[in-house]
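Fold and geometry: a report
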Amino acid sequence: MTATDSHADTDRTLLEEVVAKAKAQGADAADAILVRGWSLSQELRHGQTDRLQRAEGQDLGLRVLIGQRQAMVSTTDIGSDALRALVERAVSMAKAVPEDPYCGLAAPDQLAETRPELDLLDPEEPAPETLIERARLCEESALAVSGVTNSDGAAAAWGSSRATLVASNGFSGSYASSNHAVSCSVLAGEGLKMEGDYDYSTTVFGADLEDPAEVGRRAGERAVKRLNPRRPKTGRYPVVFDPRISGGLLRSLAGAINGAAVARGTSFLKDKLGERLFPEGIVIYDDPHRSRGLRSRPFDAEGLATKPRRLIDDGVLTTWLLDLATARQLGLQSTGHAARGVSGPPSPAVTNLYMAPGQISRQALLADIQEGFYVTELMGQGVNPVTGDYSRGAAGFWIEGGELAYPVSEATIAGNLKEMFARITPADDLVFRTSVDAPTLRIDGTTVAGN
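Treat the numbers as computed from the prediction; the structure is a model and nothing was measured.

Criteria and thresholds
- Residues numbered from 1 in each chain as written.
- Predicted model: local features only at pLDDT ≥ 70, side-chain atom pairs only at ≥ 80, totals over all residues.
- Heavy atoms only, no water.
- Phe/Tyr/Trp six-rings, centres within 6.5 Å; stacked < 30°, edge-to-face > 60°.
- Helix = DSSP H or I, 4+ residues; strand = E, 2+ residues; numbered from the N terminus.
- Buried < 20%, exposed > 50% of the residue type's maximum accessible area, 1.4 Å probe, protein only.
- Lys NZ or Arg CZ within 6 Å of the ring centre and 35° of its normal.
- Pairing = 2+ DSSP bridges.
- Contact = heavy atoms within 4.5 Å.
- Polar contact = N/O pair within 3.5 Å; in protein donor to acceptor, adjacent residues only side chain to side chain.
- Core = buried A, V, L, I, M, F, W, Y, C linked by side-chain atoms within 4.5 Å.
- Axes fitted to C-alpha atoms, helices over the stretch in contact; angles between N-to-C directions.

Brief notes about the packing of aromatic side chains
What characterises a pair of aromatic rings is the spacing of the ring centres plus the angle enclosed by the ring planes. For the structure shown, the criterion picks out eight aromatic pairs. Measuring from centroid to centroid gives 5.4 Å for Y175 and F299, while their planes differ by 85°, and the two rings are edge-to-face. Of this pair, Y175 sits in strand β5 (residues 172-188) while F299 sits in the loop between β8 (284-286) and β9 (309-313), and the two are 124 residues apart along the sequence. On the basis of relative accessible area, F299 is assigned to the buried category, the value being 4%. Ring centres 6.2 Å apart and planes at 35° place the aromatic pair F373 and W398 in the tilted group. Note that F373 is positioned in strand β14 (residues 371-379) and W398 in strand β15 (residues 389-400), a separation of 25 residues in sequence. Here a set of aromatic residues connected by ring pairs shows up, and it is made of F171, Y175 and F299. Here the guanidinium or amino end of R244 rests over the ring plane of Y198, the centre of that ring lying 4.2 Å away.

Structure follows, in structure tokens:
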């Protein structure tokens, strides 16, 4: 039994006692969450260890409700005296805060009845030597690429956690997860003409991690390809997003259909439910039940069932992302998207978000572009959530005659997300690498400016 598993029953009992104490102190309802975490990380540069660190921690959060008032408190001390003070403080705060007409726990008949097995916990904790070797192989492979001249370092990490939720409405649940990661960042060129790039792999199970040497080789090759960049031409061109950054467009979509933004009226998609946003055939999924998914979960942060959903189906927006509070505010039902930390109330969030692959290859996607911009890096946070206006710094490669011709930097791409979504064409090269993934994406008629 791993450390992650060994605490499951103890944590559930502890939280049941905390919730019972809150009720005894005058709370009408309460829930409590306890998150335990274990991590090991290794960083090195030029083969020398910069840092080898192990950490363990625990955080407990309590939410109490008195009528339509709620308060949240948290602590890292789970001793009996500290928890007694925690309960008293939470109840006292709940009596003093303003009413919130939308707060409240789930009704018992809303709670998850079944909880799928998602294979989220790797039982093997790697030895420090294993992480050191992963980082070493990654960096050595990157430095071996011709043209690479320096290293910003390589890292390997492992982490494991268990989240337990208990509520006075009868819910009690717990699940554990793990993650492994390896990454490398290197520089190519000399003096003022140096360019850098990186690569990484992150998975739930160590056995699924990409070969660290392959990760390093890609980082090195990417850095070398960026040498001697030019500024792009200014105009409207086809812009192609590399899979490494194309998921950012999905993150912008997720923010715009988040129930909290819709309820506040601060989303540029607030009136678009049921309307076509993307071309026919486009499907965007949120899948909390993906086996070994980086953000999979058997229930949400309010104890409701999770399920795979088509957020975009054949180009049409089908749903908002809702927790209980935003659902009540909008007169709808929660979609099981509640997420929370220990010190704040639940709020909607996606799990494993991805766009289904298209029908053509990346090469075919580029083939008819006489001039265009292939984007491999985005900078800045230039997305206006109210209007959908989009403006980001960018780097990548100029496309000529359907091929990548030369590296480009100091560029800006701009448009409006409603128009950009409507012109997306996906390639068939989807790979699950993060919790938000998309294939290569082409958007015609996007403004490109050389800075």
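After that view of the structure, there is still more to cover.
As for the sheet that holds β8
Ordered in space as β10-β9-β8-β13-β18, the five strands form an open sheet in which the pairing is mixed. What marks the edges here is a single partner per strand, and that holds for β10 (316-317) and β18 (436-437). Here β8 runs beside β9; their pairing, made up of three bridges, is antiparallel. Along β9, the bridge assignment pairs I284 with I312.

Details of the environment of S296
Take S296: it is sitting in the loop between β8 and β9. With a relative accessible area of 5%, S296 lands in the buried category. Setting aside chain neighbours within four positions, we find S296 in contact with L118, L120, Y175, D287, P288, H289, R290 and N352. Engagement of the side chain of S296 in a polar contact is seen with the backbone oxygen of P288, the distance being 3.5 Å.

Topic: the nonpolar core
The tendency in soluble globular proteins is for nonpolar side chains to be buried as a group. Within the largest apolar cluster, 46 residues are counted, with the highest numbers of intra-cluster contacts made by F241, F278, F373 and I413. Per-element tally for this core: the top contributor is helix α6 (residues 243-256), with six residues. Residues within four places of F278 in sequence aside, it is in contact with L253, I284, I312, G315, M355, F421, A422 and I424. Grouped together as the second largest cluster of nonpolar side chains are 22 residues, A27, A71, V87 and V91 included.

Observations concerning the sheet that holds strand β3 (residues 69-75)
If you trace the six strands from one edge of the open sheet to the other, you get β3-β2-β1-β4-β5-β6, paired in antiparallel fashion. The open sheet has two free edges, formed respectively by β3 and β6 (195-203), since each of these has just one partner strand. The mean angle between the axes of side-by-side strands here comes to 20°, regardless of whether they run parallel or antiparallel. Both strand β1 (residues 29-45) and strand β4 (residues 148-167) contribute to a ladder of 14 bridges, which runs antiparallel.

Describing the environment of L118
Relative to the elements of secondary structure, L118 occurs in the loop between α3 (80-96) and α4 (128-143). Sequence-wise, L118 and T440 are 322 residues apart; in three dimensions their C-alpha atoms are separated by 28 Å. Not counting the four nearest positions on each side in its chain, L118 is found in contact with P288, H289, R290, S291, R292, S296, R297 and P298.

Shape is all these values report; function is a separate question.
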